[in-house]
Amino acid sequence: MPGLLRGVARTAVVAGTATAVSNRVSRRQAGRWAQQDYEQQQTYQQAPAQSAPPAAPSDEMSDKIAQLKQLGELKTQGVLTEAEFEEQKRRILG
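Below is a summary of the structure that appears in this document. (Residues numbered from 1 in each chain as written. Predicted model: local features only at pLDDT ≥ 70, side-chain atom pairs only at ≥ 80, totals over all residues. Heavy atoms only, no water.)

1. A look at the overall build of the protein
Regarding its fold elements, the protein presents two helices and zero strands. Counting every position in the protein, which comprises 94 residues, the buried fraction comes to 4%. Looking at the protein as shown, the accessible area adds up to about 8,000 Å², and 57% of this sits on carbon and sulfur atoms. (Helix = DSSP H or I, 4+ residues; strand = E, 2+ residues; numbered from the N terminus. Buried < 20%, exposed > 50% of the residue type's maximum accessible area, 1.4 Å probe, protein only. Areas by Shrake-Rupley, 256 points an atom, 1.4 Å probe, with all protein chains shown as cover.)

2. A word on a nonpolar patch on the surface
Taken together, the side chains of Met1, Leu4 and Val8 make up a nonpolar region of the molecular surface, amounting to roughly 380 Å² of accessible area. Within the secondary structure, Val8 sits in helix H1 (residues 2–77). (Patch = residues over 30% accessible without salt bridge, like charges linked within 9 Å, V, L, I, M, F, W, Y side chains within 5 Å. Salt bridge = Lys/Arg side-chain N within 4 Å of Asp/Glu carboxyl O.)

3. Section: a positive patch on the surface
Where like charges cluster on the molecular surface, the positive patch consists of Arg24, Arg27, Arg28 and Arg32. Take Arg32: it is sitting in helix H1. (Lys, Arg positive; Asp, Glu negative; His and termini not counted. Charge placed at Lys NZ, Arg CZ, Asp CG, Glu CD.)

4. Quick look at the packing of aromatic side chains
A ring pair, where both rings are aromatic, is described by two values, the distance of the centres and the angle of the planes. Scanning the entire structure with this criterion turns up zero aromatic pairs. The residue whose ring lies beneath Lys75 is Phe85, and the NZ or CZ to ring-centre distance is 4.8 Å. (Phe/Tyr/Trp six-rings, centres within 6.5 Å; stacked < 30°, edge-to-face > 60°. Lys NZ or Arg CZ within 6 Å of the ring centre and 35° of its normal.)

5. Brief notes about the pattern of salt bridges
Here the structure, examined in full by the defined rule, presents three salt bridges. With a closest N to O distance of 2.6 Å, Lys75 and Glu82 form a salt bridge. Using a relative accessible area of 31% as the deciding quantity, one classes Lys75 as partly exposed. A salt bridge links Glu86 to Lys89, with the nearest nitrogen and oxygen atoms 3.5 Å apart. Of this pair, Glu86 and Lys89 are both found in helix H2 (residues 82–93), three residues apart, which corresponds to roughly one turn of the helix.

See below:
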């Protein structure tokens, strides 16, 4: 009977140690994955902020083009003189 008890105790110790090691590895791995996810989220959040400013100049350019077209139509209709047209054009482009 003492040999059986010793074998059961040894098995319990080995199983307990294996469980503790496995749990520790799992926690460390989960922590690493959480850190990687956090870093990726930070990268993705910064990327749109960096790509937003180039979009603004194209919108600004589109507005300027639309204003110049309107000025051209007003000049064609005779509402603006050549001098007024040039002055407004300089103001829009300047």
